[in-house]
Amino acid sequence: MALWLVGWLPGDVVMLCLLCHHWHFQSLGGRHKDSTHTENRLSVGLSVSGNLLAAEPPMVASSRRKSVFAEAYDPEADDDDDGATAVFPKTDEQRARLVESVKNVLLFRSLEKEQMNQVLDAMFERKVQPGDYIIRQGDDGDNFYVIESGVYKVYINDKHINTYNHTGLFGELALLYNMPRAATVQAETNGLLWAMDRQTFRRILLKSAFRKRKMYEELLNSVPMLKALQNYERMNLADALVSKSYDNGERIIKQGDAADGMYFIEEGTVSVRMDQDDTEVEISQLGKGQYFGELALVTHRPRAASVYATGGVVKLAFLDVKAFERLLGPCMDIMKRNIDDYESQLVKIFGSKNNITDTR
Ligand code: 1OR
Ligand code: 1OR
């Protein structure tokens, strides 16, 4: 028998999925079998503001789920961010290692310098050994972790779903969305982690990170290619994006240039043009929800075409090449298929494959 209740917790907008069915755990909110807690606990599946973070509740809940999803979690209304920020003194050597470890943390990207210093002050070192459980699925969130070294395996309901190899971060979900740990994280090797307590995380990071994820949610859900990503991966992508806007007629990409990233179109249209006999010929127009600039990143060649803003101000979300390589692996096949499409179009328009085929 499955019983579903949908309700609101004070201060947080969460969907409580109470499932009494042999305490069968859903993809969020279950626990790893080695957890020291008793088994007879409720499974709490949480869904927050749209489907960027989707627990997969059973089908019986789907009609109710919609109305809950329409509500937005409001971090402004969250009063979990009072009090002083912890400061852990560090040697120069420790601080240098920490700075190196957090360099590529996407969640920190939108922080001001002062906030970044607070983050560095608040982080503390934790050494781990093979077999150590850092996080157990279903527990309350205490810390958030950035990896300096070590291999860590991630399990949901005892199933291995992810591995971190000496880089990355974990433990952000429970703190961002005020929910139980979505997965278990276990060290495979000796390792070093930098931890930040929940209070500090929420005070410094919650609002900026949450806003950013919310801001890009609609865009990322509207790009068909990104359906190849899991919700969790799309959230990481949102952290990595940088907004850019261009005036009508402005050039965004110049054919032949080296590539530094790709773009998703949030608003407006762009014109793709190729050099042909001393002029530029328009080969395509792209609009909202479409992307460009991926070709040079996939082929590691110069830009195949120029791209201009058309029809008013164009708002774009830029993804740099490093984040592209880290986050868009699961979309590579789709992008390559689109590139095959470019090639056949190229033959139609110019009568030869020109400068695309020899790029691969
Ligand atoms: P947390 O605070 O919930 C467990 O504690 C952490 O595991 C979680 O934050 C993430 O930082 C990390 N789905 C959910 N959590 C994940 C995932 C993940 N991978 C790492 N964590 N998925 C893997 C996506 C490649 C989705 C699986 C359906
Ligand atoms: P890029 O990194 O080479 C220019 O920078 C971008 O224009 C390119 O990635 C694509 O994202 C985008 N052929 C080549 N590039 C195209 C094309 C295209 N359309 C958009 N771009 N063709 C148009 C097919 C409808 C084939 C050439 C005629």
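Residues numbered from 1 in each chain as written. Chains lettered and ligands numbered in written order. Predicted model: local features only at pLDDT ≥ 70, side-chain atom pairs only at ≥ 80, totals over all residues. Heavy atoms only, no water.

Draft legend 1. Just the overall build of the protein, in detail. When helices and strands are tallied, the protein shows 9 helices and 14 strands. Expressed as a percentage of contacts within the protein between residues at least 6 apart in sequence, the contacts between residues at least 24 apart total 74%. A total of about 17,200 Å² of accessible surface is found on the protein, and carbon and sulfur atoms cover 50% of it. (Helix = DSSP H or I, 4+ residues; strand = E, 2+ residues; numbered from the N terminus. Contact = heavy atoms within 4.5 Å. Areas by Shrake-Rupley, 256 points an atom, 1.4 Å probe, with all protein chains shown as cover.)

Draft legend 2. Up close: the site of ligand 1. Lining the immediate environment of ligand 1, one finds 18 residues, of which G171, E172, A174, R181 and A182 sit closest. A distance of 2.7 Å separates an oxygen atom of ligand 1 from a polar atom in the side chain of R181. Y232 places a polar side-chain atom, nitrogen or oxygen, 3.1 Å from an oxygen atom of ligand 1. Protein coverage of the free-state accessible area of ligand 1, which is 590 Å², stands at 88%. Going through the elements one at a time, β4 (151–156), β5 (159–165), α4 (172–177) and α6 (231–240) are the ones with two or more residues in the shell around ligand 1. Considering only residue class, the shell around ligand 1 consists of 12 nonpolar, 3 polar and 3 charged. (Near = heavy atom within 4 Å. Polar contact = N/O pair within 3.5 Å; in protein donor to acceptor, adjacent residues only side chain to side chain. Nonpolar A, V, L, I, M, F, W, Y, C, P; charged D, E, K, R; others polar.)

Draft legend 3. Quick peek at the sheet that holds strand β1 (residues 124–128). Strand order across the open sheet formed by 4 strands is β1-β8-β3-β6, with antiparallel pairing between neighbours. Because the sheet does not close on itself, it has two edges, and the strands there are β1 and β6 (169–170). Bridge count between β1 and strand β8 (residues 191–197): 5 bridges; the pairing is antiparallel. The residue of β8 that forms the bridge with K127 is L192. Those strands touched by helix α5 (residues 198–222) are β3 (143–149) and β8, and its axis lies near 65° from that of β8. (Pairing = 2+ DSSP bridges. Axes fitted to C-alpha atoms, helices over the stretch in contact; angles between N-to-C directions.)

Draft legend 4. Molecular detail of the site of ligand 2. The local shell around ligand 2 holds 17 residues, among which G293, E294, A296, R303 and A304 are the closest. Between A296 and ligand 2, the recorded distance is 3.0 Å, taken from a backbone N or O atom to an oxygen atom. At 2.7 Å from an oxygen atom of ligand 2 is found a side-chain nitrogen or oxygen belonging to R303. Protein coverage of the free-state accessible area of ligand 2, which is 580 Å², stands at 95%. Those elements that provide at least two residues to the shell around ligand 2 are β11 (261–276), α7 (295–299) and α9 (332–350). Of the residues contributing to the shell around ligand 2, the split by class is 13 nonpolar, 2 polar and 2 charged.

Draft legend 5. Structural context of unusual backbone geometry. A positive phi angle, near 50°, is found at D277, a position not held by glycine. Along the chain, D277 falls in the loop between β11 and β12 (279–286). The class for D277 is exposed, based on a relative accessible area of 69%. (Buried < 20%, exposed > 50% of the residue type's maximum accessible area, 1.4 Å probe, protein only.)

Draft legend 6. Quick peek at the pairing of β5. As judged from the 6 bridges shared by β4 and β5, these two strands associate in the antiparallel manner. Across the sheet, residue I156 finds its bridge partner in β5, namely K159. Between the end of β4 and the start of β5, which pair antiparallel, lie 2 residues, with N157 showing a positive phi angle near 50°.

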